[in-house]
Amino acid sequence: MLLFLSVPQPRPPGARTRAGAARVPRWRRQRLRLQQLRRLRGLLRGLRGRPGAGRRRRGRMALCGQAAGAASLPSELIVHIFSFLPAPDRLRASASCSHWRECLFYPALWPQLRICLRVSPAEQPRLEFLMRKCGWFVRELRVEFAAENYLSGGGGPGDGGGADPGTGGEEVEALQLSTRWLEVLRTYLELVLCVLVSIRNNRNLQKFSLFGDISVLQQQGSLSNTYLSKVDPDGKKIKQIQQLFEEILSNSRQLKWLSCGFMLEIVTPTSLSSLSNSIANTMEHLSLLDNNIPGNSTLITTVELERFVNLRSLALDFCDFTAEMARVLTDSNHVPLQRLSLLVHNVSVMHKSLDNMPNDEHWKALSRKSTSLRVYIMAFDIKSEDMLKILKPSIPLERIHFDSYITCVSGAIVDLISRQYDKFLTHFILMNDVIDTSGFPDLSDNRNEDPLVLLAWRCTKLSLLAIHGYTVWAHNLIAIARLRGSDLKVLEVTEESIDFDQGELADQDVDPVHNLIEQVSLGLGQPWHAVMDIESLSVFTEPNRHFYREMQSFSEDI
């Protein structure tokens, strides 16, 4: 290495004045740069946090002074660091200091917000805080409301259930249930108002999804509607919620995804008219599910649907999806529809007619328009004769979910599904929520072959099978596992649904339960056990929520 030295020539004292004045600031700048480098090096060592730092390192850090603290980092750097944290950890970190809280609610950190709330007064301040911080800029908002434990138990062991019915025990239980429901609905309305008020001026909203499964059905109608008139007798809050929802739609400039399910009349038949034509023309997903709409009114008309020319996925009540709508979706100015989710509810079928539903020719036209069209059907307590009318041969049915409380699915329906949709069906859920577990219906009665075994044999794309409330014989369950093998990713059967032949129980050399688990596991190529606790699976305990979430993922998977 060559080192060049420059020796200054001696100058008279008067000649050094201007050069010296210029040389001093230059050396000061170099000294300041050296100090800054030392501080930066100490700060980086402090952030590394290596254990066993000695006195020498602590001494160097001490030279940095307060600049070595994390609070001295630039806001941009803090935002970048915390972008790697999941949302719950960001919220916890926001409680550290005001500077962190200001940085952690930077819009870039919260492009999407997904909230699942119990309808409880304790959730209101948390929701207000979060929506106040993020509501005005969030781009994707998904909110789910659910009453705690559905409040369907009425009076439990400690809620007056021990009173004698003859001495007013039923009246006490009804009064307690009424008081709890009034509080739930009152809180529900406040939470919905909090969400809608916070996003009313958000023009960046692109995805908006609301779900409110707090309705408990009974024979005389819906408990939520019964008590809603007591909580809001003059209808002012409901009207305010409806007006806020329409205001959000009218103010939107980038909305492409709108989903609203079981929200107690938040959507009215006139709500979609608030959307401008430019937004309606660019909308890609539309989901309007609410079986509480009275009479023959629908949430969307055929004329309104004509504006949504770019719609790729659609979710509606089956009675609202008419033959005219199917014709509109096959027009040349509409993009091909790829996902269609339909809710078939006994409440809708009772008040509306199935005469206007699409026939087989309409389904053929839809399939020709879009070869990738797939259909998802959820059926609540539908009679077999109605299902025979609904299940047209040309429907590209990929998923079907039966949920029954009174009306059971027949073996003929299962056999029809396996024959007509063998090329498309991937998900089959069969749920029967009966009280008497000793009376599960047997689909294989009076049949040579079990319909569930035929379903597994014919539907070669079947990847999910869930059964509860129907008798499933052990040898048939083994046959299903062997037929589908590793392609059947999910096989959920509750323990009380499984039954054994007398011959299997009489053989004392073989434990029938252990043999079932072993044979099914071998057939599937993975460990398998029957569902011991039904409460652990939302598909059985929360059918509305499960359907809504599956519908969301079904529509997003395009």
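The structure we're discussing is the one just above.
Please read all numbers here as calculations on a predicted model, not as lab measurements.

Asks: So what's going on with the overall build of the protein chain? Which residues, and what values?
Replies: Assigned secondary structure in the protein chain consists of 22 helices and 16 strands. Counting across all 558 residues of the protein chain, residues that qualify as buried make up 47%. Approximately 28,800 Å² of the protein chain is accessible, and the part contributed by carbon and sulfur atoms is 52%.

Asks: Hey, could you go over the packing of aromatic side chains for me, with residue numbers and the actual values?
Replies: Considering all chains together, one arrives at twelve aromatic pairs under this definition. When the ring of Phe145 is compared with that of Tyr188, the centres are 5.9 Å apart and the planes differ by 85°; the resulting orientation is edge-to-face. Of this pair, Phe145 sits in strand β2 (residues 140–146) while Tyr188 sits in helix α7 (residues 169–198), and the two are 43 residues apart along the sequence. Like Phe145, the residue Tyr188 is buried in the burial classification. Between Arg90 and the ring centre of Trp110, over which it is positioned, the NZ or CZ distance is 5.1 Å. Here the guanidinium or amino end of Arg339 rests over the ring plane of Phe554, the centre of that ring lying 5.2 Å away.

Asks: Tell me about the pairing of β2, and please be specific about residues and values.
Replies: A large share of β2 lies buried, amounting to seven of its seven residues. Along β2, one buried face is formed by Glu140, Arg142, Glu144 and Ala146 and the opposite face, lined by Leu141, Val143 and Phe145, is buried too. For the crossover that starts at strand β1 (residues 112–118), traverses helix α6 (residues 124–134) and ends in the parallel β2, the hand is right-handed.

Asks: Explain the packing of helix α16 (residues 411–420) against helix α17 (residues 451–458) to me, using residue names and the numbers behind them.
Replies: Two elements in contact, α16 and α17, have axes whose closest approach is 9 Å; the angle formed by their N-to-C orientations is 5°. It follows that α16 is roughly parallel to α17 by the angle criterion. Mapping the contact onto sequence places Gly411, Val414, Asp415, Ile417, Ser418 and Arg419 in α16 and Pro451, Leu452, Leu454, Leu455 and Arg458 in α17. Its residues assigned to classes, the contact of α16 with α17 comprises six nonpolar, two polar and three charged.

Asks: Could you give an account of the sheet that holds strand β10 (residues 374–380), with specific residues and numbers?
Replies: Across the sheet, twelve strands lie side by side as β1-β2-β3-β6-β7-β8-β9-β10-β11-β12-β13-β15; this open sheet has parallel pairing. With one partner strand each, in any of the chains shown, β1 and β15 (490–493) form the two edges of the open sheet. Taken over all neighbouring pairs, the strand axes of this sheet differ in orientation by 5° on average, direction set aside.

Asks: Can you tell me about the environment of Val195, naming the residues and giving the values?
Replies: Along the chain, Val195 turns up in helix α7. Taking the relative accessible area as the measure of exposure, Val195 reaches 1% and is therefore buried. Distance from Val195 to Arg132, taken between C-alpha atoms, is 9.1 Å for residues 63 residues apart in sequence. Once residues lying within four places of it in the same chain are set aside, the contact partners of Val195 are Leu127, Met131, Leu141, Val143, Phe145 and Leu210.

Asks: Explain the environment of Ser273 residue by residue, including any values.
Replies: By the secondary structure assignment, Ser273 is in the loop between β6 (257–261) and α10 (277–282). Residue classification places Ser273 among the partly exposed residues on the basis of a relative accessible area of 48%. Sequence spacing of Ser273 and Glu304 is 31 residues, and the spatial spacing of their C-alpha atoms is 7.6 Å. Here Thr270 takes part through its backbone oxygen, which lies 2.5 Å from a polar atom of the side chain of Ser273.

Asks: Go over the pattern of salt bridges, please, and point to the residues and values.
Replies: Counted according to the given criterion, the structure contains 22 salt bridges. The shortest N-O distance in the salt bridge between Arg186 and Glu183 comes to 3.4 Å. You can see Arg186 and its partner Glu183 sitting in helix α7, three residues apart, about one turn around the helix. Look at Arg186 and you get partly exposed, because its relative accessible area is 37%. The class of Glu183 is partly exposed, set by a relative accessible area of 38%.

Asks: Now, about the packing of α17 against helix α18 (residues 474–484): what can you tell me, with residues and values included?
Replies: Relative orientation of the contacting elements α17 and α18 amounts to 5°, with a least axis distance of 9 Å. On the basis of their axis angle, the class for α17 and α18 is roughly parallel. Packed against α17, whose contacting residues are Leu452, Val453, Ala456 and Trp457, the element α18 presents Asn476, Ala479, Ile480, Leu483 and Arg484 at the interface. Each residue belonging to the contact of α17 with α18 can be placed in one class, and the counts come to seven nonpolar, one polar and one charged.

Asks: Can you explain the layout of surface pockets? Please cite residues and give values.
Replies: By volume, the second largest pocket is sized at about 370 Å³. Lining of the second largest pocket is provided by 18 residues; of these, Leu91, Leu113, Arg114, Ile115 and Leu130 occupy positions nearest its centre. Elements with a contribution of two residues or more to the lining of the second largest pocket: α4 (87–93), β1 and α6. Among the elements that make up the lining of the second largest pocket, the one with the highest residue count is β1 (six residues). Of the residues that constitute the lining of the second largest pocket, the class distribution is 13 nonpolar, one polar and four charged. Two domains each provide a minimum of three residues to the lining of the second largest pocket, namely domain 1 (73–109) and domain 2 (110–149 + 177–283).

Asks: Explain α16 residue by residue, including any values.
Replies: Residues separated by three or four positions in an α-helix point in the same direction, a consequence of the helix having 3.6 residues per turn. Buried residues dominate α16, accounting for seven of its ten residues. Listed in full, the buried residues belonging to α16 are Gly411, Ile413, Val414, Asp415, Leu416, Ile417 and Ser418. In this structure, the buried residues of α16 make contact with α15 (384–390), β11 (397–404), β12 (427–432) and α17.

Asks: Now, about unusual backbone geometry: what can you tell me, with residues and values included?
Replies: The residue Phe262 is not glycine, and still its phi comes out positive at about 55°. Within the secondary structure, Phe262 is located in the loop between β6 and α10. Residue Asp381 is not a glycine yet carries a positive backbone phi of 50°.

Definitions and cut-offs
Residues numbered from 1 in each chain as written. Predicted model: local features only at pLDDT ≥ 70, side-chain atom pairs only at ≥ 80, totals over all residues. Heavy atoms only, no water. Helix = DSSP H or I, 4+ residues; strand = E, 2+ residues; numbered from the N terminus. Buried < 20%, exposed > 50% of the residue type's maximum accessible area, 1.4 Å probe, protein only. Areas by Shrake-Rupley, 256 points an atom, 1.4 Å probe, with all protein chains shown as cover. Phe/Tyr/Trp six-rings, centres within 6.5 Å; stacked < 30°, edge-to-face > 60°. Lys NZ or Arg CZ within 6 Å of the ring centre and 35° of its normal. Right-handed = clockwise from strand over helix to strand, strands pointing away. Axes fitted to C-alpha atoms, helices over the stretch in contact; angles between N-to-C directions. Parallel < 35°, antiparallel > 145°, perpendicular 65-115°, else oblique. Contact = heavy atoms within 4.5 Å. Nonpolar A, V, L, I, M, F, W, Y, C, P; charged D, E, K, R; others polar. Pairing = 2+ DSSP bridges. Polar contact = N/O pair within 3.5 Å; in protein donor to acceptor, adjacent residues only side chain to side chain. Salt bridge = Lys/Arg side-chain N within 4 Å of Asp/Glu carboxyl O. 1 Å grid on protein atoms, 1.4 Å probe; cavity = no way out; pocket = protein on both sides within 12 Å on 5 of 7 lines; lining within 4 Å. Points joined across faces, edges and corners; volume = space filled by probe spheres on them. Domains from an automatic or database assignment.

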